[in-house]
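Each chain, letter by letter, is given below.
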Amino acid sequence: MELLDGKALAATIKQEVKDSVPEGARPALAVVQVGEDPASSVYIRSKVRSCEECGFDSQHVHLEEGIRQAELLKTLRKLNDDQSVHGLLLQLPLPQHLDPDEAIRTIEPIKDVDGFHPENLGLLVSGQPRFVPCTPLGIRELLVRNRIDIAGKRVVVLGRSIVVGKPLALLFALKGEGGDATVSICHSRTKNLGEHAASADILVAAMGKPGLVTGDMVKEGAVVVDVGINRVPDPSKKKGYRLVGDVDFESVAPKVSHITPVPGGVGPMTVAMLMASTLKAYSLQVASPNAVR
Ligand code: NAD
């Protein structure tokens, strides 16, 4: 069994991104946060730190929990119009009273580095991807750079969210490198989940259910990608919790050819691909603006 080290590869990719920034250029990412979700704050710190590592500017726009939808949209429009901002993302989840879909539709598609805007999702569906959600991009990159064959393989994706499951399934089904797979999507209403999972050459778990995938659900020699990041209470830890994936590592690892650890697998790859997408946004807006609109 080989561990797929996302942490090390993410560092390599960030260095490559840094080396590709044109002389004197300052690509810039703005991250909008509403409220105080603790996991969001951790992710945003990591995004801001990665921007520094890549030689980017970053802006963390922190709005208070009770902000009204109209004020959120106004903030996003202001950042759309700010020519010194190239990548713009809204950290999810939002507080219950806000509408994330309308907010995402407000982001200028050419700055939508998270790839959640319907225009960017439509481009992915139509086989002309521009900005693709960063976690699926990171998973594909992790497999491709570790020389794992995807073409013709049976991929089973557990989870159908717009953040991970659905765009990942579309990416793997695209024509060309990193694609050409035969893909199934499973979800909370899937019958016989274990049978589907056990048929996979490449199994991706993105359900947000700690340890749900166990050894008996995995084919001998499969590649297993664990996307889950779940906080489970652990009084022995200083923070009072530890992070676990959706895969029961102990029972699954001995059966597989490759597996991603949690933490240190998909998580760091997500941030690295966000940096690559921010540089792409910069290039589309500044280096070749006529190609964009
Ligand atoms: P989500 O809650 O939006 O979606 C979960 C999906 O799993 C749904 O489509 C649901 O139908 C499916 N599901 C839930 N229970 C199931 C079950 N018992 N059987 C089959 N399917 C089931 O979550 P999400 O945003 O896609 O995130 C999933 C997990 O990935 C979470 O743990 C999240 O923290 C993690 N995540 C990690 C990264 C990263 O960078 N590593 C990025 C995004 C999300």
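Coordinates for the structure precede this section.
Residues numbered from 1 in each chain as written. Predicted model: local features only at pLDDT ≥ 70, side-chain atom pairs only at ≥ 80, totals over all residues. Heavy atoms only, no water.

1. Considerations on the overall build of the chain
Quick note on the threshold: Only DSSP runs of H or I reaching four residues or more are called helices, and only runs of E reaching two or more are called strands; each is numbered from the N terminus. Here the globule rule reads 2.2 Å times residues to the power 0.38, and the radius of gyration is calculated from C-alpha atoms. Buried, partly exposed and exposed residues are distinguished by accessible area as a fraction of the type maximum, computed with a 1.4 Å probe on protein chains only: under 20%, between the cut-offs, and over 50%, respectively. Any pair of residues with heavy atoms lying within 4.5 Å of one another is described as a contacting pair. Shrake-Rupley sampling with a 1.4 Å probe provides the accessible areas, and residues are treated as covered by the protein chains on show and by no other component.
Helix and strand counts for the chain come out as 10 helices and 11 strands. For 293 residues, the compact-globule estimate of 2.2 N^0.38 gives 19 Å, and the C-alpha radius of gyration of the chain, at 19 Å, lies within 12% of that figure. C-alpha extents for the chain along the principal axes are approximately 50 × 45 × 35 Å. Looking at the 293 residues of the chain, the share that counts as buried comes to 51%. Intrachain contacts of the chain at a sequence separation of at least 6 include 70% that bridge at least 24 residues. Looking at the chain as shown, the accessible area adds up to about 14100 Å², and 51% of this sits on carbon and sulfur atoms.

2. What about the pattern of salt bridges?
It is possible for side chains bearing opposite charge to pair when their charged atoms get close. To be explicit about the condition: Each reported salt bridge corresponds to a side-chain nitrogen of Lys or Arg within 4 Å of a carboxyl oxygen of Asp or Glu.
Taken as a whole and judged by the stated rule, the model has eight salt bridges. A salt bridge links D201 to K219; its shortest N-O distance comes to 2.7 Å. Linking D201 in the loop between α8 (193–198) and β7 (202–205) with K219 in the loop between β7 and β8 (223–226), this pair joins segments that are 18 residues apart in sequence. Given the relative accessible area of 22%, D201 is considered partly exposed. The class for K219 is partly exposed, based on a relative accessible area of 32%. A salt bridge links D234 to R242, with the nearest nitrogen and oxygen atoms 3.1 Å apart. On the accessibility criterion, D234 (11% relative accessible area) is buried. Among the residues examined, R242 registers a relative accessible area of 38% and is labelled partly exposed. In this structure, a network of salt bridges that share partners links the residues E16, E141 and R145.

3. A short note on the sheet that holds strand β1 (residues 2–3)
How we decide: Pairing between two strands requires that DSSP report at least two bridges joining them. A fitted line through C-alpha atoms serves as each axis, taken over the contacting stretch for helices, and the angle formed by two N-to-C directions is quoted from 0 to 180°.
The sheet built from six strands is open, its strands ordered β1-β11-β8-β7-β5-β6 with parallel pairing. Both edges of this open sheet fall to β1 and β6 (182–186), since each of them pairs with a single strand only. Note that strand β5 (residues 154–158) and β6 share five bridges and pair parallel. Opposite V155, over in β6, you have V183 as the bridge partner. Helix-sheet contacts for helix α7 (residues 165–173) involve β5, β6 and β7, and the interaxial angle to β6 is about 170°.

4. Some details on the pairing of strand β2 (residues 28–34)
Definition in use: The handedness rule is simple: strands pointing away from the viewer, and a clockwise path from the first strand over the helix to the second, make the crossover right-handed.
Across the seven residues of β2, seven count as buried, placing the element largely inside the fold. Side chains A28, A30, V32 and V34 of β2 all project onto a buried face; the interleaved residues L29, V31 and Q33 project onto the opposite face, where all are buried too. Between the parallel elements β2 and strand β3 (residues 57–63), the chain passes through helix α2 (residues 38–54) in a crossover that is right-handed. Of the pairings in the sheet, the one linking β2 to strand β4 (residues 87–90) comprises four bridges and is parallel in character. Pairing of V32 across the sheet is with L90, part of β4.

5. A look at the site of the ligand
The condition is simple: Consider each residue's heavy atoms; a residue with any of them within 4 Å of a molecule or strand counts as near. Between N or O atoms, a polar contact is any pair within 3.5 Å; within protein, one atom must be a potential hydrogen donor and the other a potential acceptor, and residues adjacent in sequence are included only when both atoms are from side chains. Any residue that is not Ala, Val, Leu, Ile, Met, Phe, Trp, Tyr, Cys, Pro, Asp, Glu, Lys or Arg is counted as polar, Gly included; the first ten are nonpolar and the last four charged.
In the vicinity of the ligand, 20 residues are found, and the nearest of them are R160, S161, H187, I229 and T270. Note that a nitrogen atom of the ligand is positioned 3.4 Å from one of the backbone N or O atoms of H187. One of the backbone N or O atoms of V227 is found 3.4 Å from a nitrogen atom in the ligand. For the ligand, whose unbound accessible area comes to 850 Å², protein coverage reaches 73%. Here the element with the most residues in the shell around the ligand is helix α10 (residues 266–287); it accounts for three residues. Considering only residue class, the shell around the ligand consists of eight nonpolar, 10 polar and two charged.

6. Here's the deal with the nonpolar core
Test applied: What we call a nonpolar core is a set of buried Ala, Val, Leu, Ile, Met, Phe, Trp, Tyr and Cys residues that are connected through their side-chain atoms within 4.5 Å.
I139, L143, F172 and M275 are the most contacted members of the largest nonpolar core, which has 52 residues in total. For F172, the residues in contact, after removing those within four places along its chain, are I139, L143, I150, V155, G178, G179, D180, A181, V183 and V204.

7. Here we look at the packing of helix α1 (residues 6–20) against α2
The packing of two helices is summarised by the inter-axis angle and the distance between the axes. This is how the line gets drawn: Angles below 35 degrees are treated as roughly parallel, those above 145 as roughly antiparallel, those between 65 and 115 as roughly perpendicular, and all remaining angles as oblique.
Viewed as axis vectors pointing N to C, α1 and α2 meet at an angle of 50°, and their least axial separation amounts to 8 Å. Compared by their axis directions, α1 and α2 come out oblique. Residues K14, V17 and K18 of α1 form the contact with α2, whose own contacting residues are S50, E53 and C54. Within the contact of α1 with α2, the residues separate by chemical class into two nonpolar, one polar and three charged.

8. Considerations on the sheet that holds β3
Pairing is parallel across the open sheet formed by three strands, whose spatial order is β3-β2-β4. Each edge of the open sheet carries a strand with a single partner, namely β3 and β4. Direction aside, the axes of adjacent strands within the sheet are offset by 15° on average. With seven bridges joining them, β2 and β3 adopt parallel strand pairing. Among the inter-strand pairings, A30 is bridged to a residue of β3, identified as Q59.

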